[in-house]
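Structural features, examined
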Amino acid sequence: MRRERTAVYLLFFLAGAAIGTWTARIPAIKASLGLGDGQLSLALLAIAAGAVAGMTAVGRLVDRHGSSRVMIPAALLQGVVLVLPAYAGGLGALMGTLLVFGMVHGILDVAMNANAVEVERAHGRPIMSSFHAVYSVGGFAGATTGGLFAHAELEPSVTFLSAGAVIALLAVWAARWALRSAPAADEHLAGERAERPKGIAFLGVLAFCCLVGEGAAADWSSVYLHEDLAASPGFAAAGYAAFSVMMTAGRLAGDRLAARFGPVPLVRCCGLLAAAGLGLALLGGHPVAGVIGFGCFGAGLSCIVPQVFSAAGNRDPAFAGRALARVAAIGYLGFLSGPVFIGAVAEQAGLPRALAIPSLLAAFVALTATALRTRATTPAR
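Residues numbered from 1 in each chain as written. Predicted model: local features only at pLDDT ≥ 70, side-chain atom pairs only at ≥ 80, totals over all residues. Heavy atoms only, no water.

Describing the overall build of the chain
- When its secondary structure is counted, the chain shows 15 helices and 0 strands.
- Over its C-alpha atoms the chain spans a radius of gyration of 20 Å, differing by no more than 12% from the 21 Å that the globule rule assigns to 381 residues.
- Taking all 381 residues of the chain together, the buried fraction comes to 54%.
- In the chain, the share of contacts with a sequence separation of at least 24, taken over all contacts with a separation of at least 6, comes to 84%.
- With the model as given, the accessible surface of the chain reaches about 15,700 Å², and the carbon-plus-sulfur share is 66%. (Helix = DSSP H or I, 4+ residues; strand = E, 2+ residues; numbered from the N terminus. Rg over C-alpha atoms; globule rule 2.2 N^0.38 Å. Buried < 20%, exposed > 50% of the residue type's maximum accessible area, 1.4 Å probe, protein only. Contact = heavy atoms within 4.5 Å. Areas by Shrake-Rupley, 256 points an atom, 1.4 Å probe, with all protein chains shown as cover.)

Here we look at helix 10 (residues 233–261)
- Helix length check: helix 10 (29 residues) gives 40 Å between terminal C-alpha atoms against 42 Å at 1.5 Å per residue, within 8%.
- Along helix 10, the residues classified as buried are Ala 236, Gly 239, Ala 242, Phe 243, Met 247, Thr 248, Gly 250, Arg 251, Gly 254, Asp 255 and Ala 258.
- For helix 10, the secondary structure elements touched by its buried residues are helix 6 (128–151), helix 9 (200–228), helix 11 (263–283), helix 12 (287–302) and helix 13 (304–315).
- Following helix 10 by one or two positions, Gly 262 has its phi on the positive side, about 90°. (Expected span 1.5 Å × (residues − 1).)

Structural notes on the pattern of salt bridges
- As enumerated under the stated definition, the model contains 2 salt bridges in all.
- Measuring nitrogen to oxygen at the nearest pair gives 2.7 Å for the salt bridge that ties Asp 63 to Arg 322. Of the two residues, Asp 63 is situated in helix 3 (residues 37–65) and Arg 322 in helix 14 (residues 320–349); the sequence distance between them amounts to 259 residues.
- Between Glu 214 and Arg 251 there is a salt bridge, and its shortest N-O distance comes to 3.6 Å. Highlighted residues: Glu 214 in helix 9 and Arg 251 in helix 10, separated in sequence by 37 residues.
- Given a relative accessible area of 13%, Glu 214 falls into the buried group.
- Residue classification places Arg 251 among the buried positions, given a relative accessible area of 5%. (Salt bridge = Lys/Arg side-chain N within 4 Å of Asp/Glu carboxyl O.)

Looking at the packing of helix 1 (residues 2–24) against helix 6
- Packing of helix 1 against helix 6 brings their axes to within 6 Å, and their N-to-C directions diverge by 35°. Crossing angle aside, the handedness with which helix 1 passes helix 6 is right-handed. (Axes fitted to C-alpha atoms, helices over the stretch in contact; angles between N-to-C directions. Left-handed = near helix turned anticlockwise from the far one by under 90°.)

Some words on the packing of aromatic side chains
- Under the criterion given, the structure shown has 9 aromatic pairs.
- When the ring of Tyr 240 is compared with that of Phe 243, the centres are 5.8 Å apart and the planes differ by 20°; the resulting orientation is stacked. Taken as a pair, Tyr 240 and Phe 243 lie in helix 10 at a separation of 3 residues, close to a single helical turn.
- Looking at Tyr 240, the relative accessible area reads 33%, which means it is partly exposed.
- According to the relative accessible area criterion, Phe 243 is buried, its value standing at 2%. (Phe/Tyr/Trp six-rings, centres within 6.5 Å; stacked < 30°, edge-to-face > 60°.)

A few points about the nonpolar core
- Counting residues in each nonpolar core, the largest one holds 111 residues, and the members touching the most others are Trp 22, Leu 203 and Val 308.
- Apart from residues lying up to four places away in sequence, Leu 203 is in contact with Val 308, Ala 311, Ala 312, Arg 315, Val 327, Ala 371 and Leu 372. (Core = buried A, V, L, I, M, F, W, Y, C linked by side-chain atoms within 4.5 Å.)

As for the confidence of the model for the chain
- The pLDDT averaged across the chain works out to 91; a share of 94% of its residues lies at or above 70.
- For the stretch residues 376–381, pLDDT sits under 50, and the model shows 17 contacts to residues farther than four places along the chain or on other chains. (pLDDT = per-residue confidence, 0-100.)

Quick notes on the environment of Ala 329
- Here Ala 329 lies in helix 14.
- When sequence neighbours within four positions are dropped, the list of residues in contact with Ala 329 reads Met 55 and Thr 56.

Details of helix 4 (residues 67–81)
- Taking 1.5 Å of rise per residue, the 15 residues of helix 4 would be expected to cover 21 Å, and the 21 Å separating its terminal C-alpha atoms lies within 8% of that figure.
- Residues Ser 67, Ser 68, Val 70, Met 71, Ile 72, Ala 74, Ala 75, Gln 78, Gly 79 and Val 81 constitute the buried set of helix 4.
- Where helix 4 is buried, its residues meet helix 1, helix 3, helix 5 (91–123) and helix 7 (156–177).

Describing the packing of helix 6 against helix 10
- Contact pair helix 6 / helix 10: the axes reach a minimum separation of 7 Å and the direction vectors enclose 155°. Here helix 6 is positioned roughly antiparallel relative to helix 10, judged by the angle of their axes. Of the two possible hands of crossing, helix 6 and helix 10 adopt the one that is left-handed. Packed against helix 6, whose contacting residues are Met 128, Ser 129, Ser 130, His 132, Ala 133, Ser 136 and Val 137, the element helix 10 presents Thr 248, Arg 251, Leu 252, Gly 254 and Asp 255 at the interface. (Parallel < 35°, antiparallel > 145°, perpendicular 65-115°, else oblique.)

What to know about the layout of surface pockets
- Size it by volume and the largest pocket reaches roughly 1,900 Å³.
- Forming the boundary of the largest pocket are 50 residues, of which Ile 19, Thr 23, Tyr 135, Tyr 240 and Phe 335 lie nearest the centre.
- When contributions to the lining of the largest pocket are tallied by element, the ones reaching two or more residues are helix 1, helix 3, helix 5, helix 6, helix 9, helix 10, helix 13 and helix 14.
- With 9 residues, the top contributor of residues to the lining of the largest pocket is helix 3.
- Here the residues of the lining of the largest pocket sort into 31 nonpolar, 14 polar and 5 charged.
- As a volume, the second largest pocket reaches approximately 180 Å³.
- Looking at the second largest pocket, it is lined by 17 residues, and the ones nearest its centre are Glu 118, Ala 182, Pro 317, Ala 318 and Ala 320. (1 Å grid on protein atoms, 1.4 Å probe; cavity = no way out; pocket = protein on both sides within 12 Å on 5 of 7 lines; lining within 4 Å. Points joined across faces, edges and corners; volume = space filled by probe spheres on them. Nonpolar A, V, L, I, M, F, W, Y, C, P; charged D, E, K, R; others polar.)

Quick word on unusual backbone geometry
- The backbone phi angle of Glu 153 is positive, close to 60°, even though this residue is not glycine.
- Locating Glu 153 in the fold gives a position in the loop between helix 6 and helix 7.
- A positive phi angle, near 60°, is found at Ala 230, a position not held by glycine.
- Assignment of secondary structure puts Ala 230 in the loop between helix 9 and helix 10.

The following block contains the structure:
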């Protein structure tokens, strides 16, 4: 399964690189179109709306046609649609192009995770965490590349055309090696004649809880360190850096841990580590404790979503596409709405108390980790 596994790595990398590249050039796009903060927020909301729409719609296609027949065209399109925002002439056009970009990304996200579950099942042992680690690496690579283009004062169109070409080449490479998945049987596609897997919605809730934490760390960690712990702006940025580095490191180690201990003990321990880590950041009262705490928070969250996705895809392989689509969409809503809700709570009760919410949600995940138990078909015990 080495080639098939490499193909999935390429897809996760290019998906992360597309998001990272776009993120790095947001300031340039904003300046070129003369957008205010509120207008930019509307444009970014279009990405989110497109992603949720794509995730919601693609599950049945994955089950009907097989994940490989969906993810390869989506991967090629990801490189194409990345270029479109650079040529938007105004807010409306930008929102339209970002809606399409988000939709393609959502479709690719579900399809490549479904294929990853199939490769994991054929591989015979847990490998899902490493795929998600490569997504993080791709995001870092895309953001770094976009930053270098920005530093060289090149236009966003040059950045997106260059990145889009690389993404398309990676998609072609992945197409040669990808695992060719078989469509589900007709009786499963009908839905009414087959028993749908139970517990998928609750797996989505667990993903929601974790992605609330990821969104909170991205949007509020630096603010908390600077405004509540009096850290300098430069040191405050170390909070999210520690979170990101430890999340990637945790995902690189996650497969070995899942193979040794099983998904349920792993997720339980990770939830407790995340809850305790964020608790340390909130109760330590010092910027160093805050950075260490956010690092532990990232390490704790790192393995949970990959194990949730693996459990959803293995609950019933005939419904893997629809199961993953549902879990991904619910989880992504947590990433979007979590930071907004925390901001609203912070207005009334203060940011430290508001950030206790992700800590409590991580503890909830630890307490309900038995929901990840699947049939014997799953490669992890």
